[in-house]
Amino acid sequence: MIATQFPPLAASLFSLMAIGSLLLAFVMLGSRWLKDYLLAFAAQSWLIALLSAAVGYYGNFPELYFIAALTALFRGVVLPWLILRIIARLKVDRELHERLSPSSSLVIGAALVLFAFVVSSHLGRTLHLEGSVAVLALTVMLSMKLIGFLMLAVRGEALSQILGILVLENGIFLGSQILVPGMPLLLELVILFDLLVIVACFGVLVRYLVTHAGVTHARALRRLVG
Amino acid sequence: MRDVGLQIAQVATVLFLAPLLQGVIVQWQERVQRAQGPGIFQPYRDLWKLFHKQLVVPETASFVYWIAPIVAFTCVLNVPILIPVLTNYPLPQSDMGDILGGGLILTLGSFMVTLAGLDSGSAYGGIGSSRAVLLAILAEPTLILVFVGITLLAKAMLPFVVNHLLVADPALYWSPAHLFLVAAFFILLLVETDRLPIHSSTHLEVYMIEEARILEYSGPLLALLKWAGMMKQFILYTIFCNVLLLPWGLSVQGTALGALAAAVALFAKFLFVAAAVVVVETMQSRLRYYRYQEPLAASFLLAVLAIVADQLR
Amino acid sequence: MSSESLIAVILLAPLAAVLLCLLVQHPRPAEFFNLAAAVVVFLAVLALLPHSLSGPQRLADDYLIVDALSTWGLLCVASVYLLSSIYAIGYMRRLSEDARLHRFYALFAGFALTTLSGPLMNNVGVYWIAIELTTLVSTFLVCFELGAESIEAAWKYLVIVSAGISLALLGTVLYYWAGSFALGPSYSLTWAALREVAPRLDPAIATTAFLLVTIGFGTKVGLAPMHTWLPDAHSEGPAPVSAMLSGALLNTAMIGIARFLQVSDAAGSGALPRAAVVALGAFSLFVAALFIVRQTGIKRLMAYSSVEHMGVLALGFGFGGPLGIAGALYHMLNHSLNKSLMFFGAGNAMRAYGSKRIGAIRGLPTRMPVSGWLWLAGAVAITGAPPFGLFRSELTVLRAGLRSDHAWAVYLMLVLLIVIFVGFLAHFRAMYFERAPAAAEELQSEEDIERAQPLRDFPDAWCVVPMALALIPLLALGLWWPDFFARCFAAVAANLSVGGRS
C-alpha cells in the first residue's frame, strides 16, 4: 500500500496540508460573504495542488507535477475567476437565505468530521493501516464530502450551491492524490476538464436563472411540487 | 524551602504584574488609535484610589455581596500555584489540581461574581449576570474541549508535562493538533479577557456584561474585583504562553536569578501576545449579541479538529 | 461489417450531426441531419447485435467493450433516439422557436452521442465521465423552452445529479484504492480487472464502495429517495427530450449498477449489496405508487411511471440469476419503447389542449382519434397489462424474485403494481371518457402553469407515426419472445454471473 511507504516527514507534510484544506472547507462553511467563500475555495485548490506536487515528489510520480500545475491553474485560478465574473454580473454579495446560521453549520460540520473519522478509523483498522496517512486522507475526503453536502443542503444562493459541488469534487481529488496517486493520467485530466465544463454550464444556467426567474437563490425555486 | 519561596514568588508575580499587563494593553490600544493613552501604570493608580474610597453597600445586599469579591480574589490567587509561571518543574502544592482543576477554579470565581450581580436585585446586575452566563455556556464547553485537546496531546493532565513535551519535540510543536489548539485558545483568550469582538467591559448599557455585574460595588470591594479580573487575564495569558505557545524561557534550576529572569521573559512573551491581541482587536468591530456564538463556534470547531488531528498523528 | 467499424459509425454519426447542425444554422436541415444520424445509428446497432453474442470484445486499446449487455443498452438507446427524432420534427416545429432550433438538434444529437457512449465504456472512470457528460448536455435540453419552471427544473436536475454522481466517483476511487492493494499503484480500472481482483478486495471497502456507487448512479437512474430531480426534469423538457431522458438515459446508468453488482458478487460481500438494490427498487415502487395516485400533471405522471419502472429494473437486477437478469433486460427494452410512446402522447395532448394539467384534458378521443387510441393502448401497456411486453417482463422479474431470498419484495411489488394500475388508468379514464367541463368553469380553475394556446390541426403525421412505431414492437414483444433475445439474455446472465468473463 503506497500510503504506508511514505517517509514520516512526507506523511506529516501531507497531513498538514490535508488538515489545512479541511480547515478551509470550514471557513467556506462559516462564511456569509460569497467572496470569502470563493477565496477560501481558491486557497483550498492551491493547497491541494501543492499536496499533489508533494505526493509526486515523495512518491516518484512525475506526472503528478503536471496534474498539480493544471490543478493550480484550473481549479485555483480559472474556476474562481469564472465564478467571480458570475458574482459580479449577479451583483449578489452575500448569503441571505441560509437555513442554518453559519455558526450552527460549523458545529454540525464538526460532528460530521467526527463521523467521518469514526468510519475511516474503522476502515483503517480492518485494513491494518492505523496510524498512517491513509486514514487521515480517508477522513478528510469523507468529511469534505459531508461538508459539501451540508453546504448544498443549508445554503440557498445559487453560487453557494455551485461551490458546494466544487468542494465535493475537491474532496475526492484530495483523497485520490494520497490514496491512489498512480491513477491513470488520462482519468485525472479528464476529470479536471470536466470540472471546467460543469462550471461553464452552471454559469449559463445562472444567467438564465437571473433573466427568466429573476432570483438567484434556490429557495425561490418552489413552483414545481408534487 | 527554596521551592516554597518560588511558589510564593509565583503568586506574587501574578498579583503584582497583572495590573501592568492590563495597563500595557490599554495603552497600546489607545496609541494604535492615535490617542494619548493613560500610561501603563494607570491600573495601579486606579487600585490605589479605590482602596482609599468609601464603601457604599446597597440595602438589599446579603452575605453573597460581601463574600463574592473575596472568593473571586482567592480563586485567582490559587491558580498560579498550579501552572508553570516561573519554573518549568512542579513546585510544592502544584499537584493540587491539574489543567481542568485550574479551569474549574477560575470558573468558580466567575460564578460567585455572577451571583453577586443577582444579589442586590438591581436590573443591571440581572442583565450582566444573564449575559455573562450565556457567554459562559458558549465558552465553557470550548474551554474544556481545548483542555481535553491539550491533555490528549501530551497524554497527561498536568501542564508541566505539556510544557516539557513541546520544548523537547519540535515535530509535536508544529503538528496540526497543537497549532489548532493554539488558534482555539487564542479565540477563547479574546473572549475571556473581554476583548473585541465581545467587549464586555464597557459602560454602554446595551453591551455591558462585566461592568453590569459589578455595578453595585464600590471602594475596596470594587478594587478586589477589578484586581481579580486583571489577574485572571494574566493567568490566561500565562497558560497560553507557558503551556502552549512559547514554552521556553522558564527557570530550570530554580535560582533566584533564574526566577527573576523568568519573570522578565514572561512579561516579554506577554508583550508579544498583547501586540497580537491589540492588532486583532483594532481590526474588528463589536459583534451583535446574537452573533456571539460565531467566534465561539469557530473555536469549538478548531478544538474538535485538533482532537481529530491528534488521533490521526 | 466488423465491430470496430460499426462502433465508429455509431459514435461518429451523431457527432457529425452535431457539427453539421452547428455549422448550418437552419432548422430544416438540422432536423434532417438529426434524423439521418438516428436512422444510421439504429441500423448500425441492429447490425452490431449478432456480433455481441460471440463473446465480449474489447476495442480501442481496451477502452471500449462490446458485449451482450452493452449492445442491449445500445439497442434501447438507438430505438428511442430514432423514435424521438421523428417525433421531434413535428413537435418542435410548433414551438415557434425556429431561430434556435438548430441548437436544439445539435444538443439532441450530442445527448444521443454521450448516451450511446455510456454502455460502451470499459474503463470505470471513463464510464463515470460519460454519465457526467450526459447530465451536462441534457440540462440545456431540459431548459430549452426558457421559462421560470424549466430553468428551475434544469437547476434542480444539474445540482442533484452532479452531487449524486460525485458520490459515485468517490465509490470508484475507493474501488481503485482497494484494487491497488492487489494490483499495484497504477493499473487500468476496467470492468474485467475489477472483477478479477474482486475476491481479493477487502469486504469492508468493497461494500462501502458499492453502496456509494449504487446511491451515486441511483441518483442518475432515478431510484427513490434520490429521484427528486426526475419529475421536474422530465416534465419541463420538451416531449422528445423527456422520451430520451426516460427511455435512454436511465437505462445507461442502470447498466453501470448491474456491472457493479457483479463485482460485488465476485467480492463475496454477502447479501447486503443485493438487499440494498432490492430495497431501493421496492422503495421506488412505493414512492411512485403514492405520487401516481394523486398526480395532477400529465407529464409528471409519466415521470413517476419512469420511477416505478426503474424500481422494477432495480428489483430485477437485484434478484439476480438468469431469470432476474432476463426479466430486467426485457423490461429495459419494453419500457424504452413504451415510455417514448407515453411521452409522445402526453406531448400531443399538452399541445392540443394547451395545458399540462390532467384536469384540463378531457374528451380526448374526439380531439385526437388516432393518437388518442394509440396512447390509451400505451397506458394499458405501461401499467403492466397483457398482451403487451411489459407484462411478460414484470412477470419474469416476479418469478425471479420468488426464487431469491427477497420474496417480501415480490409481494410488495405485486400490491404496488396493482395500485399503480388502478391509479394510472383512473387518470386516463378521466381524460378519455369524462365529459369536458364547461368553458367558463375551466377558466376559473386554479391557474395553469403553462397556459399556452391550444394548437389546431395537431398532432400531425410526424407526431403520430412514432407512436405507432413504438406500439407495434411492444405488442409483438408481448406475444412472442424472440429466440435471439433469449440467447442475448443468456449471454448477459453468463457474463454477469460470478464466474463470468467480460
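Residues numbered from 1 in each chain as written. Chains lettered and ligands numbered in written order. Predicted model: local features only at pLDDT ≥ 70, side-chain atom pairs only at ≥ 80, totals over all residues.

Caption draft 1: Fine view of the overall build of chain B. Of regular secondary structure, chain B possesses twelve helices and zero strands. Secondary structure of chain B in N-to-C order comes out as α-α-α-α-α-α-α-α-α-α-α-α. Taking 2.2 N^0.38 as the reference for a compact globule, 313 residues should give roughly 20 Å; the C-alpha atoms of chain B span a radius of gyration of 19 Å, in line with that estimate. Along the first, second and third principal axes, the C-alpha set of chain B runs to 55 × 45 × 40 Å. (Helix = DSSP H or I, 4+ residues; strand = E, 2+ residues; numbered from the N terminus. Rg over C-alpha atoms; globule rule 2.2 N^0.38 Å.)

Caption draft 2: Quick peek at the overall build of chain A. Scanning chain A for helices and strands turns up seven helices and zero strands. Order of helices (α) and strands (β) in chain A, N terminus to C terminus: α-α-α-α-α-α-α. Relative to its length of 226 residues, chain A is compact, with a C-alpha radius of gyration of 18 Å against a globular reference of 17 Å. Overall, chain A is about 55 × 35 × 30 Å in size when its C-alpha atoms are taken along their principal axes. Relative to its 226 residues, chain A shows a buried fraction of 54%. Across chain A, contacts joining residues at least 24 apart in sequence account for 76% of those joining residues at least 6 apart. (Buried ≥ 20, exposed ≤ 12 C-beta atoms within 10 Å, placed from the backbone. Contact = placed C-beta atoms within 7 Å.)

Caption draft 3: Seen up close, the environment of Asn88(B). All names here are of chain B. Turning to its location among the elements, asparagine 88 is positioned in the loop between helix H3 (63-78) and helix H4 (99-119). Note on asparagine 88: 20 C-beta atoms within 10 Å, which makes it buried. Spatially, the C-alpha atoms of asparagine 88 and valine 252 are 5.9 Å apart, while their sequence positions differ by 164 residues. Residues in contact with asparagine 88, not counting those within four places in the same chain, are Phe160, Asn163, His164, Leu250 and Val252.

Caption draft 4: Structural context of the packing of helix H6 (residues 148-183) of chain C against helix H8 (residues 203-221) of chain C. Residues and elements named next belong to chain C. As a packed pair, H6 and H8 sit with axes 7 Å apart at the nearest point and diverge in direction by 155°. With respect to each other, H6 and H8 are oriented roughly antiparallel. The crossing of H6 and H8 is left-handed. Side by side, H6 and H8 meet where Ile160, Val161, Gly164, Ile165, Leu167, Ala168, Leu170, Gly171, Thr172, Leu174, Tyr175 and Ala178 of the first sit next to Ile205, Ala206, Thr208, Ala209, Leu212, Val213, Ile215, Gly216, Phe217, Thr219 and Lys220 of the second. Looking at the contact of H6 with H8, its residues break down into 16 nonpolar, six polar and one charged. (Axes fitted to C-alpha atoms, helices over the stretch in contact; angles between N-to-C directions. Parallel < 35°, antiparallel > 145°, perpendicular 65-115°, else oblique. Left-handed = near helix turned anticlockwise from the far one by under 90°. Nonpolar A, V, L, I, M, F, W, Y, C, P; charged D, E, K, R; others polar.)

Caption draft 5: The arrangement of the interface of chain C and chain A in detail. With 36 residues of chain C in contact, the opposing surface of chain A contributes 37 residues. When residues of the side of chain C that touches chain A are traced back to their parent elements, those giving at least two are helix H5 (124-142), H6 and H8 of chain C. The leading source of residues in the side of chain C that touches chain A is H6(C), at 19 residues. Its residues assigned to classes, the side of chain C that touches chain A shows 21 nonpolar, nine polar and six charged.

Caption draft 6: Expanded view of the interface of chain B and chain A. Taken together, the 13 residues of chain B in the interface contact 20 residues of chain A. Take the side of chain B that touches chain A: its biggest share by element is ten residues, from helix H12 (residues 293-311) of chain B. Residue composition of the side of chain B that touches chain A, by class: eleven nonpolar, one polar and one charged.

Caption draft 7: Molecular detail of helix H5 (residues 123-154) of chain B. Residue and element names in this part refer to chain B. Compared with the 46 Å implied by 1.5 Å per residue over 32 residues, the 46 Å span of H5 between its first and last C-alpha is a close match. At alanine 139, H5 is deflected by roughly 30°, the largest bend along its length, and proline proline 141 occurs up to four residues later in sequence. Lysine 155 sits one or two positions beyond H5 and adopts a positive phi of about 55°. (Expected span 1.5 Å × (residues − 1). Bend = angle between axes of the 7 residues up to and from the residue.)

Caption draft 8: The arrangement of the packing of helix H12 (residues 298-319) of chain C against helix H16 (residues 389-403) of chain C in detail. Residues and elements named next belong to chain C. Look at H12 against H16: their axes get within 9 Å of each other, and the N-to-C directions meet at 40°. The angle between the axes of H12 and H16 places the two elements in the oblique class. The interaxial crossing formed by H12 with H16 has left-handed handedness. Counting all contacts with H12, which are made through Val312, Leu315, Gly316 and Phe319, the residues of H16 involved are Glu394, Val397, Ala400 and Gly401. Partitioned by chemical class, the residues of the contact of H12 with H16 number five nonpolar, two polar and one charged.

Caption draft 9: Broad picture of the confidence of the model for chain B. Here chain B averages 86 in pLDDT, and 96% of its residues register 70 or above. Looking at the elements of chain B, mean pLDDT is at its lowest for helix H7 (residues 170-173) of chain B, recorded as 76, and at its highest for helix H2 (residues 42-51) of chain B, recorded as 93. (pLDDT = per-residue confidence, 0-100.)

Caption draft 10: Molecular detail of the confidence of the model for chain A. Averaged over all residues, the pLDDT of chain A equals 84, while 98% of them reach at least 70. Taken element by element, chain A is modelled with least confidence in helix H7 (residues 185-213) of chain A, mean pLDDT 81, and with most confidence in helix H2 (residues 34-59) of chain A, mean pLDDT 90.

Caption draft 11: Unusual backbone geometry, seen in detail. Here the amide bond leading from Ala224(C) into Pro225(C) is cis, since omega sits at 0°, within 30 degrees of zero. Topologically, Pro225(C) is positioned in the loop between H8 and helix H9 (229-236). Across the junction of Pro386(C) and Pro387(C), the peptide omega takes the value 5°, indicating a cis bond. Within the secondary structure layout, Pro387(C) lies in the loop between helix H15 (369-382) and H16. Despite not being glycine, Arg34(B) has its phi angle at roughly 65°, a positive value. Considering the arrangement of structural elements, one finds Arg34(B) in the loop between helix H1 (2-32) and H2. For Arg34(B), a count of 7 C-beta atoms within 10 Å puts it in the exposed group. Unlike most non-glycine residues, Gln93(B) shows phi in positive territory, near 70°. For Gln93(B), the location among the structural elements is in the loop between H3 and H4.

Caption draft 12: Summary view of the nonpolar core. With 383 residues, the main nonpolar core has Leu305(B), Val41(C) and Val492(C) as its most contacted residues. Counting residues per element, this core draws most heavily on H6(C), which supplies 21 residues. Excluding residues within four positions of it along the chain, Val492(C) makes contact with Ala68(C), Leu69(C), Trp72(C), Ile325(C) and Leu329(C). (Core = buried A, V, L, I, M, F, W, Y, C linked by C-beta atoms within 7 Å.)

Caption draft 13: Seen up close, the arrangement of the chains. By contact count, the dominant pairing among the two pairs of chains in contact is that of chains A and C. At their nearest point, the C-alpha atoms of chain B and chain C are still 20 Å apart, with no contact between the two.

Caption draft 14: Here's a closer look at the environment of Leu127(A). Residue and element names in this part refer to chain A. Within the secondary structure layout, leucine 127 lies in the loop between helix H4 (102-126) and helix H5 (133-154). For leucine 127, a count of 19 C-beta atoms within 10 Å translates into the label partly exposed. Taking the C-alpha atoms as reference points, leucine 127 and tyrosine 58, 69 residues apart in sequence, are found 23 Å from one another.

Caption draft 15: Geometry of the environment of Tyr87(C). Residues and elements named next belong to chain C. Take tyrosine 87: it is sitting in helix H3 (residues 68-93). For the pair formed by tyrosine 87 and phenylalanine 421, sequence separation is 334 residues and the distance between their alpha carbons is 27 Å. Once residues within four sequence positions are removed from consideration, tyrosine 87 is found in contact with Ala239, Pro240, Phe344, Trp462, Cys463 and Pro466.

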